[in-house]
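Here's the letter readout for the chains.
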Amino acid sequence: MCQLVTDSRTNQLREGSGLAVLQFRVPACSFTQRARTAMNLRGFTLLELMTALAVVGILSAVAYPSYVSYTRRAQATDAVNLLSQYRLAQEQTFQDNGNYGVGTTCSVDVPATTPYFSYSCVPKGNPATGFTVKATGVQSMAGFAYQLDDSGNRITLAFPERSGLPAGCWLLKSGDC
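Here's what I pulled together on the structure shown here. (Residues numbered from 1 in each chain as written. Predicted model: local features only at pLDDT ≥ 70, side-chain atom pairs only at ≥ 80, totals over all residues. Heavy atoms only, no water.)

1. Examining the packing of aromatic side chains
Definition in use: Any pair of Phe, Tyr and Trp rings, taking the six-membered ring for Trp, is counted once the centres come within 6.5 Å. Such a pair is stacked with planes under 30 degrees apart, edge-to-face with planes over 60 apart, and tilted for the rest. Think of it this way: any DSSP run of H or I at least four residues long counts as a helix, any run of E at least two long counts as a strand, and we number them from the N terminus.
This structure, assessed with the given rule, holds 5 aromatic pairs. Ring centres of Phe94 and Tyr100 lie 4.5 Å apart, and the angle between their planes is 20 degrees; this geometry places the pair in the stacked category. Seen from their ring centres, Phe117 and Tyr146 are 6.1 Å apart, and the 50 degrees between their planes marks the pair as tilted. Here Phe117, found in strand 5 (residues 117-124), pairs with Tyr146, found in strand 7 (residues 145-149); they are 29 residues apart in sequence, far enough to count as distant. Taken together, the ring pairs connect Tyr86, Phe94, Tyr100 and Phe131 into an aromatic cluster.

2. Notes on the nonpolar core
Rule in force here: In these notes, a set of buried Ala, Val, Leu, Ile, Met, Phe, Trp, Tyr and Cys residues joined through side-chain atoms within 4.5 Å is what counts as a nonpolar core. Exposure classes here rest on a 1.4 Å probe applied to the protein chains alone. A residue is buried below 20% of its type maximum, exposed above 50%, and partly exposed in between. In this analysis, two residues are considered to be in contact whenever any of their non-hydrogen atoms come within 4.5 Å of each other.
Core analysis: the biggest nonpolar cluster contains 24 residues, and Leu83, Tyr86, Phe117, Phe131, Val133 and Tyr146 have the highest contact counts within it. Among the secondary structure elements, those contributing two or more residues to this core are helix 2 (46-97), strand 5, strand 6 (130-137) and strand 7. Take this core: its biggest share by element is 5 residues, from helix 2. Apart from residues no more than four positions distant in its own chain, Tyr86 is found in contact with Cys106, Val108, Asp109, Val110, Pro111, Cys121, Phe131 and Val133.

3. Brief notes about the state of the cysteines
Worth spelling out the cut-off: Throughout, disulfides are identified as pairs of cysteine sulfur atoms within 2.5 Å of each other.
Enumeration according to the criterion identifies 1 disulfide in this entry. Between Cys106 and Cys121 runs a disulfide, and the two sulfur atoms are separated by 1.9 Å. Between Cys106 and Cys121, the disulfide has an S-S torsion of -75 degrees and is therefore left-handed. Of this pair, Cys106 sits in strand 4 (residues 105-106) while Cys121 sits in strand 5, and the two are 15 residues apart along the sequence.

Structural data, given as structure tokens:
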């Protein structure tokens, strides 16, 4: 590190003929030491920036798949919640009317298509003594499909990261029910 030293010099003033002693504070270090000191104050080295970029890249490579899995679970939860609510509405209608629908139409309208799932209902018999309601993934949830029937059987028909389907439960993440 450079140190400041006092340098006394004698200088002649222009206006008069007298002499004056002026003092200067001058850094006592070489040119390379001064350049190195100035460089250290400028910012980060390229190696430091590349190391930070590598750390951020590794963290994002690990975090992104977890984030995608988390958002898919949340979107699938919306589908299974709507299927459960639909079954409850169908059961209430069955208590009132004695059937789940007439012909090819279920007695309760299926939920409207959401940004991630479309819904359909198929009655069993005429008049319907049973029904099957299905949620099929659209857009980012394409490849997912869930089903629920009048007996309360929950079935996963399609799940992109899983083989051996249909499963006798609703899968929200890969693994077991």
